[in-house]
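Each chain, written out:
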Amino acid sequence: MHLQIRVEGTATEISNVLRALPGAATVQTAAVELTDAGVQAATSSETPEPESRYVTTRHARRVLKRLPLSKPMKNVLIVLYKAYPDWLSQATLQDAAGYGSPQYAGMMGAFGRRRAKTEGYDSETEFFEWKWDDDERTWYCRLPDTVREALTLEEFI
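How each quantity is defined
Residues numbered from 1 in each chain as written. Predicted model: local features only at pLDDT ≥ 70, side-chain atom pairs only at ≥ 80, totals over all residues. Heavy atoms only, no water. Helix = DSSP H or I, 4+ residues; strand = E, 2+ residues; numbered from the N terminus. Buried < 20%, exposed > 50% of the residue type's maximum accessible area, 1.4 Å probe, protein only. Contact = heavy atoms within 4.5 Å. Areas by Shrake-Rupley, 256 points an atom, 1.4 Å probe, with all protein chains shown as cover. Arc of directions from axis to C-beta. Pairing = 2+ DSSP bridges. Salt bridge = Lys/Arg side-chain N within 4 Å of Asp/Glu carboxyl O. Phe/Tyr/Trp six-rings, centres within 6.5 Å; stacked < 30°, edge-to-face > 60°. Lys NZ or Arg CZ within 6 Å of the ring centre and 35° of its normal.

A. Main features of the overall build of the protein. Of regular secondary structure, the protein possesses seven helices and five strands. Put simply, the protein runs from its N terminus to its C terminus through helices and strands in the order α-β-β-α-α-α-β-α-α-β-β-α. The buried share of the protein, reckoned over its 157 residues, is 41%. Look at the contacts in the protein between residues 6 or more apart in sequence, and 66% of them connect residues 24 or more apart. Only carbon and sulfur atoms are counted for the fraction: they give 51% of the accessible area of the protein, which is about 8700 Å².

Pasting the structure below:
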């Protein structure tokens with residue numbers, strides 16, 4: 001059985017909805033996509049294929065180079081790149097951007113629009129790896145290998 005839902009809201013609100021779903025104990029994956037409408041979560045009882053889950057290196061390069069990135073977005077990408085393979089909390093990324101929660105969400109929404117408007121966009125793939133930590137009650141993020149390959153750190157420093 002394949003179940004897909006879209007929920008708008010904060011990470012906490014989305015987490016609460018996912019836990020309340022019938023059969024929530026069998027949900028194996030949760031993907032987050034930032035779009036014009038904000039944060040949306042999709043869940044599936046099927047594990048996506050690793051090679052098709054994330055953007056291609058080619059598409060990531062297009063996204064990163066199509067238009068100049070803001071300094072706060074560059075800072076987030078640099079911190080994520082340098083931290084790999086570690087995961088970074090949402091609070092750490094907000095600090096890297098120099099933004100509070102609403103401004104950070106807006107920046108990530110703008111990045112999601114940039115990605116969606118870039119040639120080769122595939123809505124079935126993700127630009128970032130995300131995971132939810134129940135104990136900390138926050139999202140953690142890191143860059144997938146394809147994005148790391150596309151990111152030439154020297155361009156951002």
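B. Just helix 3 (residues 57-65), in detail. Every buried residue of helix 3 is listed here: T57, H59, A60, V63 and L64. In a view along the axis of helix 3, the buried residues occupy a sector of 160°, so they form one face of it. Elements in contact with the buried residues of helix 3: helix 4 (71-83), helix 6 (101-116) and helix 7 (145-150).

C. Main features of the sheet that holds strand 5 (residues 138-142). Taken together, three strands build an open sheet; the order of strands is 3-5-4 and the sheet is antiparallel. Edge positions in the sheet fall to strand 3 (88-89) and strand 4 (129-133), since each has one partner strand and no second. Bridge count between strand 4 and strand 5: five bridges; the pairing is antiparallel. Bridge pairing links E129 to R142 in strand 5.

D. Region of the structure containing the pairing of strand 5. Most of strand 5 is tucked away, with five of its five residues classed as buried. Both faces of strand 5 are covered, namely the face carrying T138, Y140 and R142 and the face carrying W139 and C141. Summarising the sheet, strand 3 and strand 5 pair through two bridges and their orientation is antiparallel. In the sheet register, L88 faces strand 5, and the bridge partner there is C141. Two successive antiparallel strands, strand 4 and strand 5, enclose a turn made up of four residues, where R137 displays a positive phi of approximately 55°.

E. Broad picture of the side chain of R114. Here R114 shows up in helix 6. In this structure R114 comes out as buried when scored by relative accessible area, which is 11%. If near-sequence neighbours (up to four positions away) are discounted, R114 is found in contact with V63, L64, R66, L67, P68 and L69.

F. Just the pattern of salt bridges, in detail. Using the criterion set out here, one finds two salt bridges in the structure. In this structure, R53 and E126 form a salt bridge, with 3.2 Å as the shortest nitrogen-oxygen distance. Placement of the pair is R53 in helix 2 (residues 50-53) and E126 in the loop between helix 6 and strand 4, with a sequence separation of 73 residues.

G. Structural context of the packing of aromatic side chains. Per the stated rule, a full pass over the model turns up five aromatic pairs. Relative to F127, the ring of F111 lies with its centre 5.0 Å away and its plane at 75°, an arrangement referred to as edge-to-face. In this pair, F111 is assigned in helix 6 and F127 in the loop between helix 6 and strand 4, connecting sequence segments 16 residues apart. As far as burial versus exposure is concerned, F111 and F127 are alike and both buried. Among the aromatic side chains, those forming a connected cluster through ring pairs are F111, F127, F128 and W130. Residue placement shows R148 over the ring face of Y81; its charged tip is 4.3 Å from the ring centre.

H. Up close: unusual backbone geometry. Put simply, Y84 and P85 share a cis peptide bond, and its omega is 10°. For P85, the location among the structural elements is in the loop between helix 4 and strand 3. Even without a glycine there, the phi angle at R137 is positive, about 55°. Mapped onto the elements of the fold, R137 is located in the loop between strand 4 and strand 5. The class for R137 is partly exposed, based on a relative accessible area of 40%.

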